[in-house]
Amino acid sequence: INNYDLRFEKYMGSTDIISVSGFYKTFSNPIEVVSYNATSADNITPRNVEKATVLGVEFELKKNLEFINEKLKNISVGANVTFAKSEVEMSDIEYQSRVLEARDGQTIEKTRDFQGQAPYLINTFLGYTNRDKAIDATLSYNVQGKSLAIVGIGRIPDVYDKAFHDLTIKLSKGLGGELKRHKVSFNVTNLLNQKRQRVYGSFNANDEIFSSYSEGRFFGVGYSYTFK
């Protein structure tokens, strides 16, 4: 993998930051998950392709809200947003199989998306920190855009991971006098209880379910002790 980055950062105080970066990656013989039997979508295997590229831009912001009002000094917000364009040049065999199975009005390009690369990633958070009371609380939201999960073959269409929205809350409290050596914590992940879904994606056709399941919500309770 060859990775080229250009990044601009501006720090504002001890924790605040704003940045923008661009990146370009080239992959030699990357591994993709592909269908290998045109009669059964469940027959999949890892396979190397000759090369792939990813071009993208990333924005990051973290800011304390004290500048709005002194009473908000313990609250911070932040976001990290990435947009990416990936590309794989198909082999002659894959390209010809797609041409043979093309639908009316469909144009088959020589390139396609890179398996596993999402077109966008969004991570945001709202945080509260009170050092005097040893309290930390974070509400975070993350989403990864629809991405190619299994490369199709022949009449077997490509399979995509649908966008998954995750909402997580984390709380912690220090205890034990001035040093606060004891800490209890509580967290809930997948607060929205969204399903994980994969779908078939075809030209001018509605998405059809390939797989669907619910992870459920996860509740965690923790305790830690710091030796000083």
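The structure contained in this document is the topic of the report that follows. (Residues numbered from 1 in each chain as written. Predicted model: local features only at pLDDT ≥ 70, side-chain atom pairs only at ≥ 80, totals over all residues. Heavy atoms only, no water.)

1. Some words on the overall build of the protein
For clarity, the cut-off: For the purposes of this entry, the term helix denotes a DSSP run of H or I that reaches at least four residues, the term strand denotes a run of E that reaches at least two, and both are numbered from the N terminus. Both definitions apply: the radius of gyration is a C-alpha atom measure, and the globule rule equals 2.2 Å times residues to the power 0.38. Note on classification: 1.4 Å probe, protein chains only; a residue is buried when its accessible area is under 20% of the maximum for its type, exposed when over 50%, partly exposed between these limits. The Shrake-Rupley method, run with a 1.4 Å probe sphere, supplies the accessible areas, and residue values consider only the shown protein chains as cover.
From N to C terminus, the protein includes 1 helix and 16 strands. In terms of overall dimensions, the protein is more spread out than a globule: its C-alpha atoms have a radius of gyration of 23 Å, far above the 17 Å expected for 228 residues. Seen through its principal axes, the protein has C-alpha atoms that stretch 70 × 40 × 35 Å. Burial status across the protein gives 28% buried among its 228 residues. Carbon together with sulfur atoms contributes 54% to the accessible area of the protein, which is approximately 14600 Å² in total.

2. Focus on the side chain of Asn 64
Note the threshold: N or O atoms within 3.5 Å of each other form a polar contact, as long as, within protein, one can give a hydrogen and the other can take it, and as long as residues adjacent in sequence are counted only when both atoms are side-chain atoms. The contact definition used throughout considers only heavy atoms, calling two residues in contact when any of these lie within 4.5 Å.
Note on placement: Asn 64 falls in strand β5 (residues 51-64). Engagement of the side chain of Asn 64 in a polar contact is seen with the backbone nitrogen of Glu 66, the distance being 2.8 Å. One polar contact links the side chain of Asn 64 to the main-chain carbonyl oxygen of Ile 75, over a distance of 3.4 Å. With near-sequence residues (within four places) excluded, Asn 64 lies in contact with Asp 16, Leu 72, Lys 73, Ile 75 and Ser 76.

3. Looking at a nonpolar patch on the surface
Heads up, the rule is: In this analysis, a patch consists of residues with relative accessible area above 30% that form no salt bridge, clustered at 9 Å for like charges and at 5 Å for the nonpolar side chains Val, Leu, Ile, Met, Phe, Trp and Tyr. Counted as salt bridges are all cases of a side-chain nitrogen of Lys or Arg within 4 Å of a carboxyl oxygen of Asp or Glu.
A cluster of nonpolar side chains, namely Leu 175, Val 184, Tyr 223, Tyr 225 and Phe 227, defines an oily patch on the protein surface of about 540 Å² accessible area. Tracing the backbone through its elements, the reader meets Leu 175 in strand β12 (residues 164-175). Taking relative accessible area as the criterion, Leu 175 reaches 37% and is therefore assigned partly exposed.

4. Some words on the layout of surface pockets
To keep it simple, the criterion reads: Using protein atoms alone on a 1 Å grid, points that fit a 1.4 Å probe yet trap it form a cavity, whereas open point sets bounded by protein on both sides within 12 Å along at least five of seven lines form a pocket; residues with an atom within 4 Å of a point count as lining. Grid points are joined across faces, edges and corners, and a volume is the space filled by probe spheres set on the points. The residue classification treats Ala, Val, Leu, Ile, Met, Phe, Trp, Tyr, Cys and Pro as nonpolar and Asp, Glu, Lys and Arg as charged. All others, Gly included, are polar.
Approximately 640 Å³ is the volume found for the largest pocket. Listing elements by their share of the lining of the largest pocket, those giving two or more residues are α1 (92-100), β7 (111-112) and β11 (158-161). Considering only residue class, the lining of the largest pocket consists of 9 nonpolar, 8 polar and 8 charged. In this structure, the second largest pocket spans a volume of roughly 320 Å³.

5. Observations regarding the pairing of strand β9 (residues 135-144)
What counts, and what does not: In this analysis, strands are considered paired if DSSP registers two or more bridges between them.
Here strand β8 (residues 120-130) pairs with β9 via 10 bridges, running antiparallel. In the sheet register, Ile 122 faces β9, and the bridge partner there is Val 143. The antiparallel pairing of β8 with β9 creates a hairpin that spans 4 residues between the two strands, and Ala 134 there sits at a positive phi of about 55 degrees. Relative to β12, β9 is paired through 10 bridges, and the arrangement is antiparallel. Of the residues in β12, the one forming a bridge with Tyr 141 is Leu 167.

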